[in-house]
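Topology and contacts: notes
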Amino acid sequence: MQNLNKLIELLNDNEMDFTGDYFIPEVWNSFDYKDYKVKNREKEININPFRYYKYCIKNVILKNLNNENEYSEELKYKKFKKSVIYGLLPKKYSAWNHYNNEYVRGSILKMISLLPYLKKMNVNFIYLLPVFESSKVYKKGEVGSPYAIKDLYKLDKELHDDLLGDYSKELLDVEFKAFIEAAHLMGIKIMIDFVFRTVSRDNNLIISNPEWFYWIKLEKQNLFKVPKVKSLKKAHSINKELVKNLYENENTINKYIDNFSYAPNVIDRNKWNSVLKEYEINDNNILEEIEEKFNITTTPGFSDVLNDEQPFWTDVTYLRFYKDVSNISKKYYSKTDNPPYILQDSAKLNIFYGNDKNNELWDYILKVIPYYQKEFGIDGARIDMGHALPEELLKDILKEAYKINSDFVFWSEELSSQKSLEAKNYGFNFISGTLWATYKNFNSDNFNELLLKEIENSELPMISSPETPDTPRAVFYHENIDRYNIIIYLSMLLPKTLIYVNCGMEFKEIQPMNLGLDNSEEGKYLLDKSNKMFGKLAFFDNYIFDWLSDEKDEFINEFCIAFSLREKFHEYIDFESLNTDLLKSYGSKKITLLEYTLKNKKLIIIINRDLENSLELSFLEHLLSDVSYCKSVYSNKNNTKKVRYKLLPGEVLIYEILI
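First, a word on what this report is: a plain description of the structure on this page.

With that settled, consider the pairing of strand S17 (residues 380-384). The buried count for S17 comes to five of five residues, which makes it a mostly enclosed element. Residues Gly380, Arg382 and Asp384 line one face of S17 and the alternating positions Ala381 and Ile383 line the opposite face, and both faces are buried. In the sheet, S17 pairs with strand S18 (residues 409-412) via four bridges, with the strands oriented parallel. Directly across from Ile383, in S18, lies its bridge partner Ser412. Note on the crossover from S17 through helix H18 (residues 391-404) to S18: the handedness is right-handed.

Ordered by their spatial adjacency, three strands build an open sheet running S13-S11-S14, and the pairing between neighbours is antiparallel. Every interior strand has two partners, whereas the edge strands, strand S13 (260-261) and strand S14 (296-298), have only one. Where strand S11 (residues 215-217) meets S14, three bridges bridge the pair, whose relative direction is antiparallel. Its bridge partner being in S14, Lys217 is matched across the sheet by Ile296. Here helix H13 (residues 286-294) sits on the sheet and contacts S11 and S14; the angle it forms with S14, its principal contact strand, is near 150 degrees.

With that settled, consider a nonpolar patch on the surface. There is a patch of nonpolar side chains on the surface, built from Tyr262, Val266 and Ile267 and spanning about 260 Å² of accessible area. Note on placement: Tyr262 falls in the loop between S13 and helix H11 (264-267).

Below, the discussion takes up the sheet that holds strand S25 (residues 629-635). Spatial strand order, S22-S23-S27-S25: four strands in an open sheet with antiparallel pairing. The open sheet has two edge strands with one neighbour each: strand S22 (591-598) and S25. Averaged over all adjacent pairs, the angle separating strand axes in this sheet is 15 degrees, with direction ignored. Taken together, the eight bridges between S22 and strand S23 (residues 601-608) define a ladder with antiparallel strand orientation. Along S23, the bridge assignment pairs Leu593 with Ile606.

Proteins that are soluble and globular tend to have nonpolar side chains buried together. If you look at the biggest cluster of nonpolar residues, it comprises 180 residues, and the most contacted ones within it are Phe179 and Phe194. In this structure Phe179 touches Ile108, Met111, Ile112, Leu115, Ile126, Leu128 and Ile190, once residues within four positions along its chain are discounted. Counting residues in hydrophobic clusters, the runner-up holds 24 residues, among them Tyr247, Ile342, Leu343 and Phe352.

Now for the side chain of Glu133. Relative to the elements of secondary structure, Glu133 occurs in strand S7 (residues 132-134). Buried charged residue Glu133 carries no salt bridge. Nearest counter-charge: Lys154, at 4.3 Å. Contacts of Glu133, omitting those with residues within four sequence positions, involve Ala148, Ile149, Lys150, Asp151, Lys154, Leu155, Asp156 and Asn204.

Tallying each qualifying case throughout the model produces 52 aromatic pairs. Ring geometry for Phe132 against Tyr372: centres 5.5 Å apart, planes inclined by 75 degrees, an arrangement best described as edge-to-face. Taken together, the positions of Phe132 in strand S7 and Tyr372 in helix H17 (residues 368-376) put the pair 240 residues apart, joining distant regions of the chain. There is no split in this pair, since Phe132 and Tyr372 are both buried. When the ring of Tyr247 is compared with that of Tyr333, the centres are 6.3 Å apart and the planes differ by 15 degrees; the resulting orientation is stacked. On the criterion of sequence distance, the pair formed by Tyr247 in helix H9 (residues 242-248) and Tyr333 in the loop between helix H14 (327-330) and helix H15 (344-347) is long-range, its members being 86 residues apart. With respect to class, Tyr247 is no different from Tyr333; both count as buried. Within the aromatic cluster, the residues linked to one another by ring pairs are Phe132, Tyr153, Phe176, Phe179, Phe194, Phe196, Tyr364, Tyr371, Tyr372 and Phe376. The lysine or arginine in question, Lys271, covers the ring of Phe294, its NZ or CZ lying 5.0 Å from the ring centre. Positioned above the aromatic ring of Phe575, the side-chain terminus of Lys496 is 4.4 Å from the ring centre.

Rules used throughout
Residues numbered from 1 in each chain as written. Predicted model: local features only at pLDDT ≥ 70, side-chain atom pairs only at ≥ 80, totals over all residues. Heavy atoms only, no water. Buried < 20%, exposed > 50% of the residue type's maximum accessible area, 1.4 Å probe, protein only. Helix = DSSP H or I, 4+ residues; strand = E, 2+ residues; numbered from the N terminus. Pairing = 2+ DSSP bridges. Right-handed = clockwise from strand over helix to strand, strands pointing away. Contact = heavy atoms within 4.5 Å. Axes fitted to C-alpha atoms, helices over the stretch in contact; angles between N-to-C directions. Patch = residues over 30% accessible without salt bridge, like charges linked within 9 Å, V, L, I, M, F, W, Y side chains within 5 Å. Areas by Shrake-Rupley, 256 points an atom, 1.4 Å probe, with all protein chains shown as cover. Salt bridge = Lys/Arg side-chain N within 4 Å of Asp/Glu carboxyl O. Core = buried A, V, L, I, M, F, W, Y, C linked by side-chain atoms within 4.5 Å. Lys, Arg positive; Asp, Glu negative; His and termini not counted. Phe/Tyr/Trp six-rings, centres within 6.5 Å; stacked < 30°, edge-to-face > 60°. Lys NZ or Arg CZ within 6 Å of the ring centre and 35° of its normal.

Have a look at this one:
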């Protein structure tokens, strides 16, 4: 635990010199630290930060040093299915006004201190959104996106905490290693979100390999537009049939492809060498130098869906994985003397792949995850838009990671349960799925059928959460408190799923983190105009989560109860043991009934989705007629009589039965 001990040394050096104020939300103190003051900021405590963080590491985290814990468990689904995955955005999760209304971004050190808080919620897997050095060029919002990655092999220096001294790459690496050491001691595994298809517009690879990027003429940038297919009335995924329509569009060849340029080192090698020398001396931004000297820029990113209305991804650009275009596209455009171009087809590399691989780039990508495995000891990875990478590359990415750790966990971003078999064949352990969208049909008479169809279709477990970092918040869809709680309980008790909690979800955060799925620009204006976070998105702005929420204690308690039920009954909760006929056919259309059978026992979960009326459960008399023992083990309405045939509005009732 040398990295944690190094942090203790650094904190110890400055502990006695600190005399000012440093406020944190009271809820962060989940390990009963006593040495604090309460001073004119409600629901906050005033601490010596050096002493507080040192105490957490030394007296809470390192206390687990000789304890057996679940970190050593095999990461296969049968054991993994009772895990609770908590997703967080590192720079924003622990951001706070620690001093006098001075915004201080989140840091690795503060994330270490929040591990006990997460452990109290039964979290045993943390999913980190990108932690890599990110760019401010063409940034979105106040600070830019973590997905605009400038260097995949460097951690974001803004994750460094100034309490530990001046930044250095070596020190930041120690901080991140210490975080993973601490998590492992707490029985928590770490998964990172990796992005390979796109990078920041000024990614560091430009310095060594500008030909790995697509370039457009700078004067065309503001007019740059991806061509549409006029025969399509709405957005549609590109496929082998529709690509013909794309190239037949007169704007594709006559206007769009004409926007592109060769890379700067191809245009003028001597001028390029001169730019590199100037860059080395002045350390200016390489893309700004290229724009000034060559009047070209990297191509802004865009959706690979035809006729997609979402705006350009102005802060990212595509990498050039092939030096040629696909054989499919060559049928419709075979000209070879034009600069390399990127279109919706060549952005969908799993279908439209070339013959001439960019081998150096592939090797660069293949070594990324193994680097974080060997250097830091990470336990899993999510591959952003992995399903759009070349099949060969994606399989090799997983293969290289599994060589190092056969229990490494891979999360596929795949949304469609019908494509889950492809993800399974690649080697992924679970998919994102779209249960978050299915829950929106809460009041529909066919809700149970929709729920079953989503789960039944999938060859892999999927995320059961009612929200993700890209969707509106669960409380936006399920504003009624009883409905919100039912969705939480349901998401914990479904088969073939993994529990995922999006940061802030446990204290009813309503402001979305991003507008990526099922949202529009209006979606970020949900807070009152007087709220300092009004109009801000955590992905792009200096955002602070609502740690002082009046409802946080109630919701965290509700979450913990739901987590404990999943853990207690996880052996029951399996798709093979679910009575799917009962889910589809028994009871009122406002009832969701899950019956699991395990040898001579049954678990029956009955949920009344009618939030205003009690419902009769006469069908239970038939279900329970041949049982020898029946016990009511839980009711969210504290109504646990042995057996009863009426369900209160919004009630979740669980029976355990001996057959």
